[in-house]
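Architecture at a glance
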Amino acid sequence: TERVKIDTNGLKFNGDTATANALDDYEEGTWSPVLGGSVVPGTFSGTLYASYTKIGRQVSIQVRLENYTLTGASGTVKITGLPFTAASDMPYSVTHVGMTLGIIFTNTRNQSLYGAHNTSDIYGIQSVSGANWASWVVSNFMGSGKYLQFTMTYAAV
């Protein structure tokens, strides 16, 4: 019995001949996120490492903003420049915030990020209670010598 097939449309399993089921969309690379404010972006500088892997519509990103400086921003935290636009027909993204060195949060809470539907933007949120979320205030991210590291998986358009 045929288990795997490779043809001009890509890799297919279990003898499936449907083009929509072919594993033919794989990409990896780097991108340039910019941390700023939702009202006024401000000025961002620092060392950044940002990579992505895209398989079909699923995009996984890895980000490290190292020893950065952010000035003149206002509003809530907004990171621009996702490598692919976030889809509107999928749930919000899944994140893991690994480091927030030098960044002040009002209380110990679960920090998270999400890719806004139909945009290339990420917003920071934290759980306030079981039913409420609060946006990250960008003033807590301003200054110099700060670090932010996270991973996220989201669905692309």
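Here the structure is a predicted model, which means the values were calculated and not measured.

Residues other than glycine seldom take positive phi values, yet Asn-67 does so here, at roughly 50°. Along the chain, Asn-67 falls in strand β6 (residues 58-71). Among the residues examined, Asn-67 registers a relative accessible area of 45% and is labelled partly exposed. Residues other than glycine seldom take positive phi values, yet Asn-118 does so here, at roughly 60°. With respect to the helices and strands, Asn-118 occurs in the loop between β9 (111-115) and β10 (121-127).

Of all hydrophobic cores here, the largest spans 30 residues; its most connected members are Leu-35, Ile-61, Tyr-68, Ile-122, Phe-141, Leu-148 and Phe-150. Those elements that place two or more of their residues in this core are β5 (43-55), β6, β7 (77-80) and β12 (143-155). In terms of residues, this core owes the most to one element, β6, which gives 6 residues. Non-local contacts of Leu-148, meaning those with residues more than four positions away in its chain, are made with Val-63, Arg-64, Leu-65, Tyr-68, Ile-79, Val-97, Met-99, Thr-100, Ile-103 and Phe-141.

Another aspect to go through is the packing of aromatic side chains. Enumeration according to the criterion identifies 4 aromatic pairs in this entry. Between the aromatic rings of Tyr-52 and Phe-84, the centroid separation amounts to 5.4 Å while the plane-to-plane angle is 85°, which identifies the pairing as edge-to-face. With a gap of 32 residues between them, Tyr-52 in strand β5 and Phe-84 in the loop between β7 and β8 (94-99) connect regions that are remote in the sequence. Under the relative-accessibility criterion, Tyr-52 is labelled buried at 9%. Against the face of Phe-84 rests Lys-54, its NZ or CZ located 5.3 Å from the ring centre.

About the thresholds
- The numbering scheme is per chain: residues are counted from 1 as the chain's sequence reads.
- For this predicted model, a pLDDT threshold of at least 70 governs which residues receive local features, and a threshold of 80 or more governs which side-chain atom pairs are given and counted, while totals over whole chains, interfaces and linings are taken from all residues.
- Remark: hydrogens and water are excluded; side-chain values derive from all non-hydrogen atoms of the structure.
- Here a strand is any run of E in DSSP of at least two residues, a helix any run of H or I of at least four, and the numbering for each starts at the N terminus.
- The buried label goes to any residue with under 20% of its type's maximum accessible area, the exposed label to any with over 50%, and the partly exposed label to all in between, with areas taken from a 1.4 Å probe on protein chains only.
- What makes a nonpolar core is a set of buried Ala, Val, Leu, Ile, Met, Phe, Trp, Tyr and Cys residues whose side-chain atoms join them at distances within 4.5 Å.
- Note on contacts: a residue pair is in contact if any heavy atoms of the two residues lie within 4.5 Å.
- Each Phe, Tyr or Trp ring (for Trp, its six-membered ring) is paired with any other whose centre lies within 6.5 Å, and the angle between the two planes then decides the class: stacked below 30 degrees, edge-to-face above 60, tilted in between.
- Criterion for a charge above a ring: Lys NZ or Arg CZ within 6 Å of the ring centre, and within 35 degrees of the ring normal.

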